[in-house]
Amino acid sequence: MFTEKTLYRLLRFIPCGAALALPLAPAPAHAQDQPAAAGPVQQVVVTGSRIAAPGADSPSPLQVLGAADIAASGATNLQELLQKNPTMGTPALSRTNSNFLTSGGGVTTVNLRNMGDSRTLVLVNGRRFVSGVPGDTAVDLNTIPTDFIERVELLTGGASATYGSDAVAGVVNIILKRNFDGLVIDAQAGQSHERDDDKRKLSLTFGTTSADGASNLMGHFGYSKQGAVYSRDRPFAAVDQTSAITRGRPDLAFTPIRPYYSGFAPAGRFFVDNDADGFTYDASGNIIPFDTNGANGPATGYNRSALRAIAVPTERYLFALNGTRALGDNLSTFFEGTYASTKTTTNIESFPLGADDVFRQSGQVPAGALVGGVLVKNPLVPQYVWDRISDNDDDGIPDYYFQRRLSEFGPRRAQADRDTFRLATGLKGTVRDWNYEAFISYGRTKEAQSSTGQVNVPNLRYALDAVPDATGAAVCRDANAVAEGCVPINIFGLGTVTPDALKYVTAPGSLLTSITQKLAGASVNGELWQLPAGKIGLAAGVEWRSEESNAVPDPLTQAGLNAGNATPPTYGKYQVREAFVETRVPLLKDRPFARDLSLLATFRHGDYSTAGSTNSWNAGGEWAVTPDIKFRATRAQSTRAPNINELYQAPSQDFPTGLVDPCEGVTTGMSSPLAVNCMAAPGVQANMAANGGVFTLQQADRQGISGYNSGNPNLKAEKGRSTTVGLVLTPRAVAALAGATFTIDYFKIDIADAIVSTERQYALDQCYNAGNPVFCGFIKRRPVAVGNLSAGSIEDSDTAVTNSGGLGTEGIDLTASWAGRVGPGRLSTRLAYTRLRELWTQATPGPEDQRNNDVGEVTSNQINAPRNKAVLNAAYKWGNFGLNWTATYNGPVALDDQFLKSLDIAPGAVKIGSRTYNDFQFTYDLRKSIQFYLGLDNAFNAKPPPIISGLPGTTTGAETDASTYDPIGRRYYLGLRVSL
């Protein structure tokens with residue numbers, strides 16, 4: 001049985017049974033209830049402090065989620081529950097936003113205050129946990145067994161002085177179960193109303209405690225499987241589309257142009273002389289004009305949504321083992337072991353290949369060869385093509401250009417096998433009322449990713465270079481290639497690639513990653529001399545940490561020979577040594593208007609092998625005016641050193657959507673700074689000359705933008721300042737409110753030199769509207785037309801990590817709870833609400849008027865920041881029956897103001913309405929040890945808003961912001977919980 005009675009008084013409104021538990025219960029983070037039962041008062045440590053105190057006081061806002069909360073939610077992954085809390089922002093990685101990523105599919109992370117996943121420190125039992133993202137510090141919550149969690153403590157505010165780097169926005173401290181006797185079995189099954197998103201779960205948690213209670217052992221086995229959800233199975237995402245929004249037309253934002261197919265089709269698209277639109281083949285092999293979306297006949301384009309996934313299928317095996325062994329009256333040893341095996345599979349459309357991906361210098365494919373000085377036609381090139389092409393590169397051989405969807409290769413599917421292992425062990429004890437602890441920890445995450453659907457470019461060049469043999473049949477011209485198995489490839493028409501040719505040009509991909517974390521630390525805490533109001537508390541310690549990460553793609557990817565840019569391996573490591581000291585000083589106690597007044601201060605010094613020395617500090621105080629009224633405040637300086645990816649990441653390819661080219665529509669007669677800057681860019685004037693003096697983009701130009709994300713080895717540590725001021729009310733003197741608790745907290749976080757990736761739309765705006773050459777370096781345009789891709793169109797929009805002008809947020813948190821008897825049963829209600837005043841970024845150092853405020857917006861860098869967010873919980877328990885209801889509210893937002901600015905639309909003119917999701921769980925206790933439960937998530941099937949392709953914040957394949965809104969729909973689950 002858990003013995004930290006004082007902390008549990010904070011949760012006195014949480015009912016004992018799972019049916020009454022409510023997600024994300026706000027806790028006042030101090031004890032102000034009735035006196036405890038007879039017996040010694042336990043000293044406890046809660047998140048935000050390392051000093052044990054009878055009241056578990058914390059001057060920072062703290063919210064607590066208990067094991068019963070998790071059970072009542074039916075959540076398979078902890079992220080599903082945490083995201084309901086209004087303090088949480090948009091996670092960088094989740095099951096519904098990672099399908100299109102080249103790595104990280106199915107990983108789940110958390111993001112406090114929308115300050116970034118890397119600024120949210122996730123701890124397990126107060127100690128760091130190995131990352132699940134190569135080169136980052138973000139923890140993959142797939143590796144934490146939800147049914148093995150005792151509670152989760154959410155500290156919202158800078159805590160680097162207490163816990164070290166990365167706690168700029170706050171801390172998520174996951175406390176695992178301990179002192180448990182018996183066996184609990186939990187089995188669950190469910191699916192969505194569309195009969196997908198299948199869910200299966202089985203967990204066994206067991207434990208035993210010695211007769212004297214000094215030693216214990218606990219274990220956990222868990223298995224879960226969540227199925228895929230495909231775009232084709234949701235009408236709003238089943239067909240490629242794009243927003244009809246244009247300059248000055250906000251009313252067209254949510255009007256889809258549908259279909260908006262890709263020009264890379266399975267039958268191929270071919271370009272010959274004097275044919276700007278190209279031609280293709282029908283199913284019978286006849287040549288027909290290419291008509292992407294069917295404007296003048298049957299559509300010949302390709303529906304990419306048919307193979308995309310909205311939710312990544314995830315399968316997990318989890319093992320955990322914790323234990324404590326008494327070595328004496330005041331000394332014990334402990335260990336924590338965790339192993340997680342996760343399998344995920346991402347699925348997107350077949351590879352789109354262009355001639356310029358194969359022949360990068362000329363962008364053209366030779367249609368024949370010179371054999372003995374005589375021009376010989378490739379037998380696989382149709383006579384129709386041969387008769388309509390000419391020599392474009394002066395080598396004596398006519399050339400053609402093609403685009404083709406490699407449908408014979410199948411979809412691009414990546415299966416990732418991730419294994420996370422962590423072991424922590426140490427000693428803890430007491431000497432003369434001083435507590436001490438020493439520990440070491442080792443964690444490692446390994447991933448082996450295999451992928452399909454890529455092409456071996458060198459082999460494809462050989463396969464495209466065919467000549468006739470003695471019988472007139474096509475053979476590869478290069479004798480060495482023939483000796484190595486070269487088979488000529490026919491790309492003209494649907495299904496023309498033979499199995500032998502496919503085998504020769506296919507390039508299976510792989511990615512091997514590993515993350516290694518080593519920790520060691522020692523700390524003491526106790527009390528110094530006595531003051532009139534109590535003893536001074538003190539904690540101090542030292543810590544050492546080593547982080548190492550590498551990511552190694554397959555050789556073809558490293559060399560850029562699979563139709564993408566070269567992606568070299570990324571490797572990096574760093575070490576840090578830190579020391580900290582913390583004190584709590586009681587100033588007044590049991591005085592008029594000062595039942596308790598105390599101050600808390602913390603200082604930490606760190607020495608990084610990469611970023612050098614850093615200093616963090618925290619100062620706070622609590623003032624309990626009466627037993628029912630308490631004020632609290634903190635002021636902190638937090639630091640975050642750059643992680644390995646931010647320092648060393650090699651350029652990795654991305655496919656940004658929703659970008660607006662500021663140059664579109666510029667004419668030769670314009671003399672504005674925008675027009676001058678645009679016309680100076682490569683290819684723009686050639687485009688204007690070909691389009692009657694107007695810079696014009698086609699559908700393929702908008703769909704053909706790529707880009708690369710890179711690290712920066714010259715980064716320095718960022719420094720954040722946070723302030724929180726709050727009030728806690730527990731009006732027990734008022735009979736009607738005797739079971740109520742209210743908290744209100746103001747928060748403000750400002751980060752100087754924030755480490756950020758430059759937003760792509762912002763870079764476009766700064767380059768062409770502001771004429772800033774620094775940002776123009778992120779943009780590469782096509783100097784000449786390539787096939788159906790226009791001269792001057794954007795080929796690559798890159799982003800790199802820099803120390804920016806800053807990042808910050810400001811707002812107010814409000815929580816309220818009440819519990820008591822209502823009718824024949826017991827009712828418990830709770831509300832958590834956040835009002836956001838600011839969420840700003842500043843790309844470069846300068847005055848504050850250069851800040852870009854994203855409050856009330858969904859941005860192009862996938863941040864959704866409504867002004868108002870809330871979660872309301874209500875639970876009712878009557879005999880053997882229980883009902884739990886959770887309503888999650890996301891307030892309205894507008895499209896990114898930078899995006900609207902690029903279209904000459906006023907900020908806030910295009911709005912997305914609020915969404916409320918209702919979840920229910922019904923329970924029935926067959927007997928004390930057996931409980932059945934039935935749950936409905938998104939019970940009223942609230943539809944996601946149409947943030948469709950072409951708009952900022954869209955998730956590829958989901959046609960909405962799938963990080964914020966529910967793209968799956970109503971879901972059911974049924975479970976059985978047995979305690980033995």
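To keep things clear, this report deals only with the structure shown in the data block. Keep in mind that what you see is a predicted model, and the values were worked out from it rather than measured.

About the cut-offs
Residues numbered from 1 in each chain as written. Predicted model: local features only at pLDDT ≥ 70, side-chain atom pairs only at ≥ 80, totals over all residues. Heavy atoms only, no water. Pairing = 2+ DSSP bridges. Helix = DSSP H or I, 4+ residues; strand = E, 2+ residues; numbered from the N terminus. Axes fitted to C-alpha atoms, helices over the stretch in contact; angles between N-to-C directions. Core = buried A, V, L, I, M, F, W, Y, C linked by side-chain atoms within 4.5 Å. Buried < 20%, exposed > 50% of the residue type's maximum accessible area, 1.4 Å probe, protein only. Lys, Arg positive; Asp, Glu negative; His and termini not counted. Salt bridge = Lys/Arg side-chain N within 4 Å of Asp/Glu carboxyl O. Polar contact = N/O pair within 3.5 Å; in protein donor to acceptor, adjacent residues only side chain to side chain. Contact = heavy atoms within 4.5 Å. Patch = residues over 30% accessible without salt bridge, like charges linked within 9 Å, V, L, I, M, F, W, Y side chains within 5 Å. Areas by Shrake-Rupley, 256 points an atom, 1.4 Å probe, with all protein chains shown as cover. Arc of directions from axis to C-beta.

Right, let's talk about the sheet that holds strand E38 (residues 755-757) for a bit. The strand order across the open sheet built from four strands is E34-E35-E41-E38, with neighbouring strands paired in mixed fashion. The open sheet terminates on both sides in strands that have one partner only, identified here as strand E34 (652-654) and E38. Across the sheet, the axes of successive neighbouring strands diverge by a mean angle of 30 degrees, strand direction being ignored. Of the strand pairs in this sheet, E34 and strand E35 (residues 707-710) are connected by three bridges, and their pairing is antiparallel. Paired with Ser 652 across the strands is Asn 709, a residue of E35.

By size, the foremost hydrophobic cluster in this structure holds 40 residues, and its most contacted members are Leu 353, Tyr 400, Phe 402, Val 455, Leu 464 and Ile 489. Of all elements in the fold, only strand E13 (269-271), strand E14 (279-281), helix H5 (355-358), helix H6 (383-386), strand E23 (399-405), helix H7 (457-464) and helix H9 (499-505) reach the threshold of two or more residues within this core. In this structure, Val 122, Val 124, Phe 148 and Ala 865 belong to the second largest nonpolar core, which totals 39 residues.

On to unusual backbone geometry. The omega torsion across Arg 258 and Pro 259 is 5 degrees, close enough to zero to call that bond cis. Counting through the fold element by element, Pro 259 comes out in the loop between strand E12 (256-257) and E13. Even without glycine at this site, Asn 125 takes up a positive phi of about 55 degrees. When you line up the elements, Asn 125 lands in the loop between strand E3 (120-124) and strand E4 (127-128). One non-glycine residue, Gln 862, lies in the positive phi region at around 70 degrees. As for its placement among the helices and strands, Gln 862 is situated in the loop between strand E45 (857-858) and strand E46 (864-865). Overall, Gln 862 belongs to the partly exposed group, its relative accessible area being 31%.

Let us look at the side chain of Asp 854. Considering the arrangement of structural elements, one finds Asp 854 in the loop between strand E44 (852-853) and E45. Comment: no salt bridge for buried Asp 854; closest opposite-charge side chain is Arg 867, at 11 Å. Only 3.4 Å separates the side chain of Asp 854 from the side chain of Asn 852, close enough to count as a polar contact. Beyond its immediate sequence surroundings of up to four residues, Asp 854 is in contact with Leu 839, Thr 841, Thr 859, Ala 865, Asp 896 and Asp 897.

So, about a nonpolar patch on the surface. Side chains of Tyr 317, Phe 319, Tyr 339, Phe 421, Leu 423 and Tyr 442 sit close together on the surface and give an oily, nonpolar patch of about 510 Å² of accessible area. Sorting the residues of the nonpolar patch by element identifies strand E17 (314-328) and strand E24 (412-431) as the ones contributing at least two each. With respect to the helices and strands, the residue Tyr 317 is situated in strand E17. Tyr 317 sits in the partly exposed class, given a relative accessible area of 32%.

Within the sequence span of H7, burial applies to Val 457, Asn 459, Leu 460, Ala 463 and Leu 464. Taken down its axis, H7 places every buried residue within 155 degrees of arc, on the same side. Capping the start of H7 is the job of one residue whose side-chain oxygen sits 3.1 Å from the backbone nitrogen of Asn 459: Asn 456.

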